[in-house]
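# Analysis of the macromolecular model
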Amino acid sequence: MTFSSFLVCFSLVFFYFHNVSCQSTDHVRNILHEIFENKKYDKRVRPSKDVSRAVHVSIAMDISGINFLDEKAGVFSVTGYLEIKWRDEFLVWQPELHGNVTSFTIPQEHIWIPDLFLKNGVKEPKGLGGSFYYLPVNHTGEVTWWPYQVVETHCPVDITYFPFDAQNCRISFSLWNHENTLVNITSARKHVGNFHFTENGIWTITANHSFVDRDELAIFSQLIITISLKRKTQFYMWNFIVPLLLLGMIKIFAFLIPAESGEKVSFTVTLFLTFGVFLNWLSSYLPENSDSVCLICVYMEIQLALGVFLVFIASMQVKISHRDHRLGFSRFELRLIKLFSRDCVVDCSKKEKECATNWTILSSAIDKLMIIITTAVELFLILIFFMILCVGA
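Keep in mind that what you see is a predicted model, and the values were worked out from it rather than measured. (Residues numbered from 1 in each chain as written. Predicted model: local features only at pLDDT ≥ 70, side-chain atom pairs only at ≥ 80, totals over all residues. Heavy atoms only, no water.)

### Overview of the sheet that holds strand E10 (residues 203–214)
Judged by pairing direction, the sheet is antiparallel, and its four strands sit side by side in the order E4-E8-E11-E10 without closing on themselves. What marks the edges here is a single partner per strand, and that holds for strand E4 (116–118) and E10. Averaged over all neighbouring strand pairs, the angle between strand axes comes to 20°, with direction disregarded. Where strand E8 (residues 166–175) and strand E11 (residues 221–231) come together, nine bridges link them in antiparallel fashion. (Pairing = 2+ DSSP bridges. Helix = DSSP H or I, 4+ residues; strand = E, 2+ residues; numbered from the N terminus. Axes fitted to C-alpha atoms, helices over the stretch in contact; angles between N-to-C directions.)

What follows is the structure, given as structure tokens:
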């Protein structure tokens, strides 16, 4: 091939693509002029030439991250975007008559869009998208819309098994004015996507489902998205559960302190106050409602009751250790001493002469009895507590 032939071919190719580019821009303008000027496109009119035929709107959702789940307010917040598709019968043209242009983009405020809104939102209902959104339109009339949203919905929280709880939250999108005979919502996918998803530090998504349903009066169609959440328990295990169990075991050591030392009552009162502080701290993390009772709160209430009993026993031991030495042991006290003490016990009631009674022996026997009872009760509570949590979780 000579240089002149190559130059001619290059010039033809350059001018061909240059003309195509210019013609494509002009053809887009011609398409817009034909649709909006000649055919008088009106965005106020539902895009169906047959008024008896419904416009089918396909919706799918992708979540990019969980913002928060407010247990007190019962508010669930996620960030994501919707993929909404429908066919506008008034946005149709023949590509072969317009330079093979098959699609273009147009601001959403210039064409008809479905009046979707967040039905179970916590804020004032607003339309989706914005004036800066450009929607791609195909020559067949297919329109695609990707509104990006920060969704905040009502979500009732069940705190029974906190912090090993799982929550189910709903996101519901519906139409404001169009009944299902005019605009019908369909689900594009059975599940929610996780495009560019960022993990949350407290909650993880275990399951999700997307389906279409009717409202209470079966007039409007709505897309319902259910998201199952599981709480991450590592923070609560090391900062709450483990200290709580250790505090429960410390109660046992209260009966290793001799009653005559004078520190037994103060130690038991300190334990009682510590459980009260933990209960107050836990209450700050829980919603203020009466729909469900937290099992950990029940466990701590039981621990508080045991703390009161502990203070009572310690006070009685202090009183016993300061009894008059001229008094004798009762039959029950003698049986208790013989059961837990190997020391020789003198039954003063059988002696003719008076003898001094050592009340510290009785106090020591009570300590041994309470160590056994407290250990058994504590292990039983821990076992029952974790069995219920594991079954519920």
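Still to come is the rest of the account.
### What to know about the nonpolar core
Residues Met-61, Phe-76, Ile-84, Trp-86, Ile-171, Ile-296 and Met-300 are the most contacted members of the largest nonpolar core, which totals 80 residues. Ranked by the residues each element gives to this core, the list is headed by helix H6 (residues 359–392), at nine residues. Residues contacting Phe-76, with those up to four places away along its chain left out, are Ile-66, Phe-68, Leu-69, Val-151, Glu-152, Thr-153, Cys-155, Cys-169, Ile-171, Ile-227 and Leu-229. (Core = buried A, V, L, I, M, F, W, Y, C linked by side-chain atoms within 4.5 Å. Buried < 20%, exposed > 50% of the residue type's maximum accessible area, 1.4 Å probe, protein only. Contact = heavy atoms within 4.5 Å.)

### Points about the packing of aromatic side chains
The description of an aromatic ring pair uses the distance of the two centres, along with the angle that the planes make with each other. Tallied over the entire structure, the rule returns 12 aromatic pairs. Between Phe-117 and Trp-176 the ring centres are 4.8 Å apart and the planes differ by 80°, which places this aromatic pair in the edge-to-face class. Pair noted here: Phe-117 is in strand E4 and Trp-176 is in the loop between E8 and strand E9 (183–187), with a separation of 59 residues, a long-range link. Assessed through its relative accessible area of 11%, Phe-117 is described here as buried. (Phe/Tyr/Trp six-rings, centres within 6.5 Å; stacked < 30°, edge-to-face > 60°.)

### Comments concerning the state of the cysteines
The tally for this structure, following the rule as stated, stands at one disulfide. With a sulfur-sulfur separation of 2.0 Å, Cys-155 is cross-linked through a disulfide to Cys-169. Where Cys-155 bonds to Cys-169 through sulfur, the torsion about that S-S bond is close to -75°, and the disulfide is left-handed. In this pair, Cys-155 sits in the loop between strand E7 (148–154) and E8 while Cys-169 sits in strand E8, placing the two residues 14 residues apart along the sequence. Of the residues examined, Cys-155 reaches a relative accessible area of 2% and is grouped as buried. Using a relative accessible area of 1% as the deciding quantity, one classes Cys-169 as buried. The thiol of Cys-297 is not disulfide-bonded; the next cysteine sulfur, from Cys-294, is found 4.2 Å away. (Disulfide = S-S within 2.5 Å.)

### A word on the side chain of Ser-172
Within the fold, Ser-172 resides in strand E8. Owing to a relative accessible area of 8%, Ser-172 belongs among the buried residues under this scheme. Within polar-contact distance, the side chain of Ser-172 engages the side chain of Gln-222 at 3.4 Å. Here Ser-172 is in contact with Phe-117, Leu-118, Lys-119, Asn-120, Gln-222, Leu-223 and Ile-224, once residues within four sequence places are set aside. (Polar contact = N/O pair within 3.5 Å; in protein donor to acceptor, adjacent residues only side chain to side chain.)

### What about helix H3 (residues 264–283)?
Across its 20 residues, H3 extends 29 Å between first and last C-alpha, which sits within 8% of the 28 Å expected from 1.5 Å per residue. Those residues of H3 that sit buried are Lys-264, Thr-268, Leu-271, Phe-275, Phe-278, Leu-279 and Leu-282. Looking straight down H3, one finds that the buried residues subtend no more than 100° of arc, so they occupy a single side. Counted as exposed and oriented over 90 degrees from the buried face of H3: Leu-273, Val-277 and Asn-280. (Expected span 1.5 Å × (residues − 1). Arc of directions from axis to C-beta.)

### Concerning the packing of H3 against helix H4 (residues 295–321)
Running from N to C, H3 and H4 cross one another at 165°; their axes reach a closest spacing of 9 Å. What the angle tells us is that H3 and H4 run roughly antiparallel. Crossing of H3 against H4: the hand is left-handed. (Parallel < 35°, antiparallel > 145°, perpendicular 65-115°, else oblique. Left-handed = near helix turned anticlockwise from the far one by under 90°.)

### A short note on a nonpolar patch on the surface
Together, Phe-380, Leu-383, Ile-384, Met-387 and Ile-388 make up a nonpolar patch on the protein surface, roughly 470 Å² of accessible area in all. Here Met-387 is to be found in helix H6. The class of Met-387 is partly exposed, set by a relative accessible area of 48%. (Patch = residues over 30% accessible without salt bridge, like charges linked within 9 Å, V, L, I, M, F, W, Y side chains within 5 Å. Areas by Shrake-Rupley, 256 points an atom, 1.4 Å probe, with all protein chains shown as cover. Salt bridge = Lys/Arg side-chain N within 4 Å of Asp/Glu carboxyl O.)

### Quick notes on the pairing of E8
For a regular strand, the rule is simple: side chains alternate between the two faces of the sheet. Burial analysis of E8 places seven of its 10 residues in the buried class, which makes it a mostly covered element. The pairing of E4 with E8 spans three bridges and is antiparallel. Directly across from Leu-116, in E8, lies its bridge partner Leu-175.

### Looking at the side chain of Asp-215
In this structure, Asp-215 sits in the loop between E10 and E11. Put simply, Asp-215 is tucked away with no salt bridge, and the nearest opposite charge, on Lys-119, sits 5.1 Å away. A distance of 2.7 Å separates a polar side-chain atom of Asp-215 from the backbone nitrogen of Ile-219. Residues within four places of Asp-215 in sequence aside, it is in contact with Lys-119, Phe-220 and Gln-222. (Lys, Arg positive; Asp, Glu negative; His and termini not counted.)

### Side note on the pattern of salt bridges
Going through the model one piece at a time under the given rule, you end up with 14 salt bridges. Residues Glu-34 and Lys-39 are paired through a salt bridge, measuring 3.7 Å at the closest nitrogen-oxygen approach. Here Lys-251 makes a salt bridge to Glu-378, at a shortest N to O gap of 2.7 Å. Of this pair, Lys-251 sits in helix H2 (residues 234–253) while Glu-378 sits in helix H6, placing them 127 residues apart in sequence. Like Glu-378, Lys-251 is buried. Put simply, Asp-50, Arg-53, Arg-87 and Glu-89 are held in one network by salt bridges that share partners.

### So, the environment of Leu-245
Here Leu-245 shows up in helix H2. Judged by its relative accessible area of 18%, Leu-245 falls in the buried class. Each C-alpha atom, one on Leu-245 and one on Ile-382, is 7.8 Å from the other, the two residues being 137 residues apart in sequence. Setting aside chain neighbours within four positions, we find Leu-245 in contact with Tyr-299, Ile-382 and Phe-386.

Treat this as a map of the structure, not an account of what it does.
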